[in-house]
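Letter by letter, the chains look like this.
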Amino acid sequence: MSMSPVDEDRIGLGADIGAACCLAVAEVVALIMIAGHYVVSGWSFDPAEPGRYGPVWGHLAMIAVVGALAVYVARRAARAGARVTAWGQGLMAGFAAMVVVVGALAQVDHDTGERPEPEQRPTGVVGCRSGGDSDECARFGG
């Protein structure tokens, strides 16, 4: 039985599956580390001041880099005939793209969200001149 030129270039199925699993584990660990860094960056151990989370843009850029590397590896794997690795990396790139788009939409929504209107205070001279009761005077700072 002779092998075709396409079969000769193709790597073994076991090596293909092994590479796909190792790459998936490495990328999941990288994504968990990026998400963990964002979570830890907002922690505050001061009980008087609650934790504050900053913008997510830098973390989304790191996730985009992971996705871009997955696209690169998927293309290389497809050329090498490693179909399982190519599909796995394609799915990982799609997942990274989805996370970046959803995260960007959430950050834009947070940045442009409705802000509460400042309380309307009376302008001009403040005090009780209408002869009203003390509640009216307290309400206007008099």
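Residues numbered from 1 in each chain as written. Predicted model: local features only at pLDDT ≥ 70, side-chain atom pairs only at ≥ 80, totals over all residues. Heavy atoms only, no water.

(A) View of the layout of surface pockets. Taken as a whole, the largest pocket encloses approximately 210 Å³ of empty space. Lining the largest pocket we find 13 residues, and of these Ala35, Val56, Leu60, Ile63 and Val99 sit closest to its centre. Of all elements in the fold, only α2 (13-41), α3 (57-80) and α4 (83-111) reach the threshold of two or more residues within the lining of the largest pocket. The element that contributes the greatest number of residues to the lining of the largest pocket is α4, accounting for five residues. Residue classes in the lining of the largest pocket are distributed as 10 nonpolar, three polar and no charged. (1 Å grid on protein atoms, 1.4 Å probe; cavity = no way out; pocket = protein on both sides within 12 Å on 5 of 7 lines; lining within 4 Å. Points joined across faces, edges and corners; volume = space filled by probe spheres on them. Helix = DSSP H or I, 4+ residues; strand = E, 2+ residues; numbered from the N terminus. Nonpolar A, V, L, I, M, F, W, Y, C, P; charged D, E, K, R; others polar.)

(B) Main features of a nonpolar patch on the surface. On the surface, Val39, Val40, Trp43, Phe45 and Tyr53 cluster together into a nonpolar patch covering about 590 Å² of accessible area. Structurally, Phe45 can be placed in the loop between α2 and α3. (Patch = residues over 30% accessible without salt bridge, like charges linked within 9 Å, V, L, I, M, F, W, Y side chains within 5 Å. Areas by Shrake-Rupley, 256 points an atom, 1.4 Å probe, with all protein chains shown as cover. Salt bridge = Lys/Arg side-chain N within 4 Å of Asp/Glu carboxyl O.)

(C) Main features of α3. Taking 1.5 Å of rise per residue, 24 residues should cover 34 Å, and α3 covers 35 Å from first to last C-alpha, within 8% of that figure. His59, Leu60, Ile63, Val66, Gly67, Ala70, Ala74 and Ala77 are the residues of α3 that are buried. Gly81, located one to two residues past α3, shows a positive phi value of around 85 degrees. (Expected span 1.5 Å × (residues − 1). Buried < 20%, exposed > 50% of the residue type's maximum accessible area, 1.4 Å probe, protein only.)

(D) Main features of the nonpolar core. Within the largest apolar cluster, eight residues are counted, these being Leu31, Ile34, Ile63, Val66, Ala70, Met92, Ala93 and Ala96. Counting only elements with at least two residues in this core, the list comes to α2, α3 and α4. Discounting residues that sit within four places of it in the chain, Val66 has contacts with Glu27, Ala30, Leu31 and Ile34. (Core = buried A, V, L, I, M, F, W, Y, C linked by side-chain atoms within 4.5 Å. Contact = heavy atoms within 4.5 Å.)

(E) Representation of the packing of α2 against α4 in the model. Running from N to C, α2 and α4 point in directions that differ by 20 degrees, and their axes come no closer than 7 Å. Compared by their axis directions, α2 and α4 come out roughly parallel. Every pair of crossing elements has a handedness; the one defined by α2 and α4 is right-handed. Contacts between α2 and α4 involve Leu13, Asp16, Ile17, Ala19, Ala20, Leu23, Ala24, Glu27, Val28 and Leu31 from the former and Arg83, Val84, Thr85, Gln89, Met92 and Phe95 from the latter. (Axes fitted to C-alpha atoms, helices over the stretch in contact; angles between N-to-C directions. Parallel < 35°, antiparallel > 145°, perpendicular 65-115°, else oblique. Left-handed = near helix turned anticlockwise from the far one by under 90°.)

(F) Molecular detail of the environment of Ala70. Along the chain, Ala70 falls in helix α3. Ala70 sits in the buried class, given a relative accessible area of 0%. In this structure the C-alpha to C-alpha distance between Ala70 and Gln89, which are 19 residues apart in sequence, comes to 5.2 Å. Apart from residues no more than four positions distant in its own chain, Ala70 is found in contact with Glu27, Gln89, Met92 and Ala93.

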